[in-house]
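# Analysis of the macromolecular model
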Amino acid sequence: MPMRKNVLWICIAVVMLAACDNEDNDLNKILLSAQISYLGEPLQVRNGEISYALCEEGQHNNLSLYRLTPFHWNGVGHTEVSKGKSYRLVRALTTVPWVELQTNDTTFVRDYKGAVIDIKVMPYYMFQQVNIQKEGSHVVAHFIVEDVLGNSHNKKIEKVGLYLSSGIIVDCQSTNLGKIEYNTIAINQPLTLKLPNNQIQHNNSNTTTRQYARLGLKVEGIQAMVYSKVFEL
């Protein structure tokens, strides 16, 4: 009987130690936040189109240990990590609307304790001085397309669009209320895009549909687009 009691107490102790260890591991978890940025501001993208793979430092040669982290429409991505450890964020193989330099392919995160990680990039083009609003029954965008690099490394603009959606996720594909796109755009000067009322999908019920709009720009030969911030109309 004493032998059985000793075994029972040992089992209880093991279970308690395991529970404490799991609790410590849970308490040590922290949300890593990273943002793709230009001049300190998040670079707006299409939701989930651009991803970074994360791995713990020292395990980067083992591809099976990488965790894919999609970035949201506002240029920010989140993933759970262990506080105080070091990691690598490596951009997944996607053509991107910025100059592809080694410095923004891999971001080293040392002794992470909660600060937002800045992934600095240099886009070919950017929207500046953007304002999107209702003008009468039309949706109108006023903006400037900035050639960030000067001749943008011979990268031409394929299109610029104004996109309208009933949800805050609005882009060239999430645009259930309407869109208008142009292929010829002047650079570094004030521009206006107008989405006429007759091209906007209207709700036939008595409920009011919220409208969200933003601009998008596509560079020739690059799938991912760069966007303006979202405006609620």
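Scroll up to find the structure.
Attention here is on the structure that accompanies the text.

Reading guide: rules and limits
- Residues numbered from 1 in each chain as written.
- Predicted model: local features only at pLDDT ≥ 70, side-chain atom pairs only at ≥ 80, totals over all residues.
- Heavy atoms only, no water.
- Helix = DSSP H or I, 4+ residues; strand = E, 2+ residues; numbered from the N terminus.
- Polar contact = N/O pair within 3.5 Å; in protein donor to acceptor, adjacent residues only side chain to side chain.
- Contact = heavy atoms within 4.5 Å.
- 1 Å grid on protein atoms, 1.4 Å probe; cavity = no way out; pocket = protein on both sides within 12 Å on 5 of 7 lines; lining within 4 Å.
- Points joined across faces, edges and corners; volume = space filled by probe spheres on them.
- Pairing = 2+ DSSP bridges.
- Axes fitted to C-alpha atoms, helices over the stretch in contact; angles between N-to-C directions.
- Buried < 20%, exposed > 50% of the residue type's maximum accessible area, 1.4 Å probe, protein only.

On to the side chain of Ser37, then. With respect to the secondary-structure elements, Ser37 resides in strand β1 (residues 29-38). At 2.8 Å, the side chain of Ser37 forms a polar contact with the side chain of Asp118. If near-sequence neighbours (up to four positions away) are discounted, Ser37 is found in contact with Pro42, Leu43, Asp118, Ile119, Lys120 and Val121.

This part covers the layout of surface pockets. Within this model, the largest pocket holds a volume of roughly 290 Å³. In terms of lining residues, the largest pocket is bounded by 14 residues, among which Glu41, Pro42, Met126, Phe127 and Lys229 are the most central. When contributions to the lining of the largest pocket are tallied by element, the ones reaching two or more residues are β2 (41-42) and β9 (125-135). At 5 residues, β9 tops the list of elements feeding residues into the lining of the largest pocket.

Strands sit in the order β4-β3-β6-β7 across an open sheet of 4 strands; the sheet is antiparallel. With one partner strand each, in any of the chains shown, β4 (67-70) and β7 (106-109) form the two edges of the open sheet. For this sheet, the mean angle separating the axes of adjacent strands, direction not counted, is 25°.

The element strand β11 (residues 157-165) is largely enclosed, with a buried count of 8 among its 9 residues. Bridge count between β11 and strand β14 (residues 212-219): 8 bridges; the pairing is antiparallel. Pairing of Ile157 across the sheet is with Val219, part of β14.

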